[in-house]
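Overview (structure and organization)
If you want the building blocks of each chain, they are given just below.
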Number of protein chains: 2
Amino acid sequence: MEGREFKDAAFEHFARAASAFGSPKRVEIIDLLAQGERAVESIAEVTGMSMANTSRHLQVLRSAGLVVGRRDGLHVRYRLAGESVREGYRALRALAEDRIAELGQLKAAFFGEVDGAEAIGIDELMARADRGEVMIVDVRPRLEYDSGHLPGAVSIPLEHLNAHLAEMDPETPVVAYCRGPYCVLSAHAVSQLRSRGVDARRLDGGPLEWSAAGLPLAAQA
Amino acid sequence: MEGREFKDAAFEHFARAASAFGSPKRVEIIDLLAQGERAVESIAEVTGMSMANTSRHLQVLRSAGLVVGRRDGLHVRYRLAGESVREGYRALRALAEDRIAELGQLKAAFFGEVDGAEAIGIDELMARADRGEVMIVDVRPRLEYDSGHLPGAVSIPLEHLNAHLAEMDPETPVVAYCRGPYCVLSAHAVSQLRSRGVDARRLDGGPLEWSAAGLPLAAQA
DNA sequence: TGAGTAATCGACTAACCACTTGATTAATTG
DNA sequence: CAATTAATCAAGTGGTTAGTCGATTACTCA
């Protein structure tokens, strides 16, 4: 084998792996699966794609080795194929945030418009949570909470938020989080809470970023 | 702005950044630029592409924010736009090595055929170098050596290797390295040295991996 | 100022990719 | 076994992209 052949083949592999991340919808799928296993139907619903198209994208991801699927009755459930995929996604995001200025503007514009409050960072949350100064609310669907959440967080899926308003102590600030820095659930939660006079802020990050910072997650409840 | 709009826009940015890595030739360019600044002509030569095509790829990388160029007389010199790009490339490589089995086979087949010796890891090299047991040889072109090399390494560009055979002490094993785990220069160096009876092995990695392991590089000489 | 070199641009081609629609397969439940 | 639901497959279409070739621009040096 010649040196050029070897390099071509090796870089071809790298490029194929990168191409799997090269479609917005596939990135969204990976972002979702980073929270845990999920069936095709549910992925299609969250991403707003047709079943056929979702399935197609999942095939692409699978043949690139990024996800694996298993049959479970009528459903086929997919999950990320390993820690290196999560790590790769995190690096891609860090790269984009560092190099693409529009991304920061986009984030600021959207979150400014929706919740109108500064997000809180993981470091700050950790410090204040240790001192028992905040109530941490996980607004993701229950199943995602169960598969791993921040220690001390209570599960109040966004659609049930109004029913749980009474549980909020006006003296204690609330910190809401969802799937990560690009998930919109917590922004809507914060907006709702603030319009009712609760001192609420959004965490910039989710379980993925929390555990990437070396902090432990809690399972079940 | 709607939640869906926001997500579409954000994931679109991620996908565009990933797509920039989505061509084998562009990955090779990034691999090269990870060693330091380089003019278009020289990139075209190493990668075996036409000038026009190389320039085109560099435009793509530049408009994705991964590289920056500056004019220097007749030349335009490009370099990686920041540490996050290097980090992203490293994560992509780790992902591919973890998830794509063929990559490991390819590496084993090629290096087995060319140099026929086990590569040495960074940890092992560090331990043995501390004890002064090995001679470390940097076989990259001189300019790359100057822009950063392993401490204690001597520069013997591959094409001058034969002229420096006398400097090798038969009692001291030689470790050769070049640009990284996918660079073929050191494999050829090892093959030449071994055919002349020198106990030579290839380092699995280059300056990039060395400094990613938290170890310092030396500059100039 | 004119010759020479490095890089870019523009036009074109062939290959590839995302997505849609409609049909098909696989498993479950009455 | 028939009906239902989840997922996949097949074919077709419009849009994008890597690469080539030839022309043009940007700069240097005699």
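Residues numbered from 1 in each chain as written. Chains lettered and ligands numbered in written order. Predicted model: local features only at pLDDT ≥ 70, side-chain atom pairs only at ≥ 80, totals over all residues. Heavy atoms only, no water.

1. Some remarks on the protein's contact with DNA strand D
- Looking at DNA strand D, there are 20 residues lining it, with Glu41, Ser55 and Tyr78 of chain A together with Arg26 and His57 of chain B nearest.
- In DNA strand D, atoms within 4 Å of the protein come 80% from sugar and phosphate.
- Measuring from a phosphate oxygen of DNA strand D, one finds a side-chain N or O atom of His57 of chain B at 2.4 Å.
- Going through the elements one at a time, helix 3 (40-47), helix 4 (51-63) and strand 3 (75-80) of chain A together with helix 2 (24-33) and helix 4 (51-63) of chain B are the ones with two or more residues in the surface near DNA strand D.
- Considered class by class, the residues forming the surface near DNA strand D number nine nonpolar, seven polar and four charged. (Near = heavy atom within 4 Å. Polar contact = N/O pair within 3.5 Å; in protein donor to acceptor, adjacent residues only side chain to side chain. Helix = DSSP H or I, 4+ residues; strand = E, 2+ residues; numbered from the N terminus. Nonpolar A, V, L, I, M, F, W, Y, C, P; charged D, E, K, R; others polar.)

2. Examining the sheet that holds strand 1 (residues 38-39) of chain B
Residue and element names in this part refer to chain B.
- The three strands lie next to each other as 1-3-2, forming an open sheet whose pairing is antiparallel. Looking along the sheet, the strands with just one partner apiece sit at the ends: strand 1 and strand 2 (67-72).
- Of the strands in this sheet, strand 1, strand 2 and strand 3 (75-80) are in contact with helix 2, which crosses strand 3 at around 90°. (Pairing = 2+ DSSP bridges. Contact = heavy atoms within 4.5 Å. Axes fitted to C-alpha atoms, helices over the stretch in contact; angles between N-to-C directions.)

3. Focus on the protein's contact with DNA strand C
- As a matter of local geometry, DNA strand C sits amid 21 residues, with Arg26 and His57 of chain A together with Glu41, Ser55 and Tyr78 of chain B nearest to it.
- Near the protein, meaning within 4 Å, the atoms of DNA strand C are sugar or phosphate in a fraction of 76%, with bases accounting for the rest.
- Val76 of chain B places a polar main-chain atom, nitrogen or oxygen, 3.1 Å from a phosphate oxygen of DNA strand C.
- Breaking the surface near DNA strand C down by element, the ones donating at least two residues are helix 2 (24-33) and helix 4 of chain A together with helix 3 (40-47), helix 4 and strand 3 of chain B.
- Per element, the largest residue contribution to the surface near DNA strand C is four residues, and it comes from helix 4 of chain B.
- Per-class residue counts for the surface near DNA strand C are nine nonpolar, eight polar and four charged.

4. As for the interface of chain A and chain B
- With 55 residues of chain A at the interface, the matching set in chain B holds 55 residues.
- Of the roughly 4700 Å² buried between chain A and chain B, counting both surfaces, carbon and sulfur atoms make up 72%.
- Considering only the side of chain A, the residues that lose the most area to chain B are Phe6, Phe11 and Phe14 of chain A, jointly responsible for 16% of the buried surface there.
- Counting every contact that joins chain A to chain B gives six salt bridges.
- With a closest N to O distance of 2.6 Å, Glu28 of chain A and Arg4 of chain B form a salt bridge.
- Viewed at the interface, chain B and chain A are joined by 13 residue pairs in polar contact (both at pLDDT 80 or more).
- For the side of chain A that touches chain B, the secondary structure elements donating two or more residues are helix 1 (3-20), helix 2, helix 3, helix 5 (83-99) and helix 6 (101-114) of chain A.
- Among the elements that make up the side of chain A that touches chain B, the one with the highest residue count is helix 1 of chain A (15 residues).
- Here the side of chain A that touches chain B is built from residues that sort into 31 nonpolar, nine polar and 15 charged. (Buried area = accessible area lost by both parts, 1.4 Å probe. Salt bridge = Lys/Arg side-chain N within 4 Å of Asp/Glu carboxyl O.)

5. Regarding the pattern of salt bridges
Residue and element names in this part refer to chain B.
- Inspection of the entire model under this criterion finds 43 salt bridges over all chains.
- For the salt bridge of Glu144 with Arg38, the shortest nitrogen-to-oxygen distance reads 2.8 Å. Of the two residues, Glu144 is situated in helix 8 (residues 142-146) and Arg38 in strand 1; the sequence distance between them amounts to 106 residues. There is no split in this pair, since Glu144 and Arg38 are both buried.
- We note a salt bridge from Glu83 to Arg86, for which the minimum N-O separation is 3.1 Å. (Buried < 20%, exposed > 50% of the residue type's maximum accessible area, 1.4 Å probe, protein only.)

6. Things to note about the domain arrangement of chain A
Residues and elements named next belong to chain A.
- Split into domains, chain A comes out as domain 1 (3-85) and domain 2 (104-212).
- Placing a centre on the C-alpha atoms of domain 1 and another on those of domain 2 gives a separation of 28 Å.
- With five residues of domain 1 in contact, the opposing surface of domain 2 contributes six residues.
- Counting the surface lost from both domain 1 and domain 2, the interface buries some 500 Å², and carbon and sulfur atoms represent 41% of this.
- When the area that domain 1 buries against domain 2 is broken down by residue, the three leading residues are Ala34, Gln35 and Arg38, summing to 75%.
- Run the count over domain 1 and domain 2 and you get one salt bridge.
- Taken together, the connections running from domain 1 to domain 2 amount to four residue pairs in polar contact (both at pLDDT 80 or more). (Domains from an automatic or database assignment.)

7. With respect to the packing of helix 1 of chain A against helix 6 (residues 101-114) of chain B
- Where helix 1 of chain A contacts helix 6 of chain B, the axes come no closer than 10 Å and their chain directions differ by 165°. For the element pair helix 1 of chain A / helix 6 of chain B, the angle class is roughly antiparallel. Considering how the two elements wind past one another, helix 1 of chain A and helix 6 of chain B form a crossing that is left-handed. Contact residues: Gly3, Phe6, Ala9, Ala10, His13 and Phe14 of chain A in helix 1 of chain A; Glu102, Leu103, Leu106, Lys107, Phe110 and Phe111 of chain B in helix 6 of chain B. (Parallel < 35°, antiparallel > 145°, perpendicular 65-115°, else oblique. Left-handed = near helix turned anticlockwise from the far one by under 90°.)

8. What to know about the packing of aromatic side chains
- For the coordinates displayed, the defined rule picks out 14 aromatic pairs over all chains.
- Taking the centre distance of 5.2 Å and the plane angle of 70° together, the rings of Phe110 of chain A and Phe111 of chain A count as edge-to-face.
- Judged by relative accessible area, which is 0%, Phe110 of chain A ranks as buried.
- Residue classification places Phe111 of chain A among the buried positions, given a relative accessible area of 4%.
- Look at Tyr182 of chain A and Phe14 of chain B: their rings are 4.9 Å apart centre to centre, the planes differ by 85°, and that puts the pair in the edge-to-face class. One end of the pair, Tyr182 of chain A, is in the loop between strand 6 (174-177) and helix 9 (185-195); the other, Phe14 of chain B, is in helix 1 (residues 3-20), on a second chain.
- By way of ring pairs, the aromatic residues Phe6, Phe11 and Phe14 of chain A together with Tyr89, Phe110, Phe111 and Tyr182 of chain B are connected into one cluster.
- Over the face of the ring belonging to Tyr182 of chain B we find Lys107 of chain B, whose NZ or CZ atom lies 4.8 Å from the ring centre.
- One cation-aromatic arrangement involves Arg202 of chain B over Phe111 of chain B; the distance from NZ or CZ to the ring centre is 3.6 Å. (Phe/Tyr/Trp six-rings, centres within 6.5 Å; stacked < 30°, edge-to-face > 60°. Lys NZ or Arg CZ within 6 Å of the ring centre and 35° of its normal.)

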